[in-house]
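# Examining the three-dimensional arrangement
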Amino acid sequence: MLVFCYLRKESDEYAKSYKYLEKENINIQKEVKYLKNKNKKLEDEKETLISYINTILKAIKNFFRHLLQIDNEKVKEITTNEIKDYYDNEDFEKDDVYDIAINTTKEEELFEYADIDKLYTKENNYDDYEI
């Protein structure tokens, strides 16, 4: 009878432990679902921000190109320094510098700075790109 009481007590403790673990598992599953939804929202927000940043960078490249095409040497010099800063900060790549500087009076200086060969060609024609 003593053994039976002991086994009964052990069985009740295991049952309680099992129920506790079951509830804990349900709570963890709810938390995982919440975190997955939150992660999805953050991923979507990240993609939106990346797209927004790329749109802004495209507008900046277009603006820089227009500044390099005007006749004011001081503006061209300031713009050239800004382009170099963007390149140094890795906001612009060689293709970006190429697109901005090609056929401007600052082409040679910027090509040299970004180590762009005079015979540099992009995978696509320059004419296919609108800045």
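Bear in mind the structure is a predicted one, so any value in this text is a computation, not a measurement.

Scoring rules and cut-offs
Residues numbered from 1 in each chain as written. Predicted model: local features only at pLDDT ≥ 70, side-chain atom pairs only at ≥ 80, totals over all residues. Heavy atoms only, no water. Helix = DSSP H or I, 4+ residues; strand = E, 2+ residues; numbered from the N terminus. Buried < 20%, exposed > 50% of the residue type's maximum accessible area, 1.4 Å probe, protein only. Patch = residues over 30% accessible without salt bridge, like charges linked within 9 Å, V, L, I, M, F, W, Y side chains within 5 Å. Areas by Shrake-Rupley, 256 points an atom, 1.4 Å probe, with all protein chains shown as cover. Salt bridge = Lys/Arg side-chain N within 4 Å of Asp/Glu carboxyl O. Axes fitted to C-alpha atoms, helices over the stretch in contact; angles between N-to-C directions. Left-handed = near helix turned anticlockwise from the far one by under 90°. Contact = heavy atoms within 4.5 Å. Nonpolar A, V, L, I, M, F, W, Y, C, P; charged D, E, K, R; others polar. pLDDT = per-residue confidence, 0-100.

Counting through the fold element by element, Gln69 comes out in the loop between α1 (2–68) and α2 (73–88). On the accessibility criterion, Gln69 (42% relative accessible area) is partly exposed. Remark: the alpha-carbon pair of Gln69 and Lys106, spanning 37 residues in sequence, is separated by 9.2 Å.

Nonpolar side chains collect at one region of the surface, where Val3, Tyr6 and Leu7 lie side by side and expose about 340 Å² of accessible area between them. You can see Val3 is positioned in helix α1. On the accessibility criterion, Val3 (58% relative accessible area) is exposed.

Before going further, it helps to spend a moment on the packing of α1 against α2. The description of two helices packed together rests on the angle between their axes and the distance between the axes. Contact geometry of α1 with α2 gives a least axis separation of 9 Å together with a crossing angle of 150°. In this structure, α1 meets α2 at a crossing whose hand is left-handed. Mapping the contact onto sequence places Leu57, Ile60, Phe64, Leu67 and Leu68 in α1 and Val75, Lys76, Thr79, Thr80, Glu82, Ile83 and Tyr86 in α2. Taken together, the residues of the contact of α1 with α2 sort by class into 8 nonpolar, 2 polar and 2 charged.

Moving on, we come to the confidence of the model for the chain. Per-residue confidence for the chain gives a mean pLDDT of 90, with 91% of residues at or over 70. When mean pLDDT is taken per element in the chain, α2 scores highest with 97 and α1 scores lowest with 93.

Once that is clear, we can look at the pattern of salt bridges. Taken as a whole and assessed by the stated rule, the structure comprises 7 salt bridges. Its salt-bridge partner being Glu43, residue Lys46 comes within 3.7 Å of it at the nearest N-O pair. Taken together, the residues span about one helical turn, with Lys46 and Glu43 both in helix α1 at a distance of 3 residues. Lys46 gets classed as partly exposed once you look at its relative accessible area, which sits at 40%. Here Lys106 and Glu109 are joined by a salt bridge, their closest N and O atoms 3.5 Å apart. What makes Glu109 partly exposed here is its relative accessible area of 28%. Taken together, the salt bridges that share partners define one network made up of Glu77, Lys84, Lys106 and Glu109.

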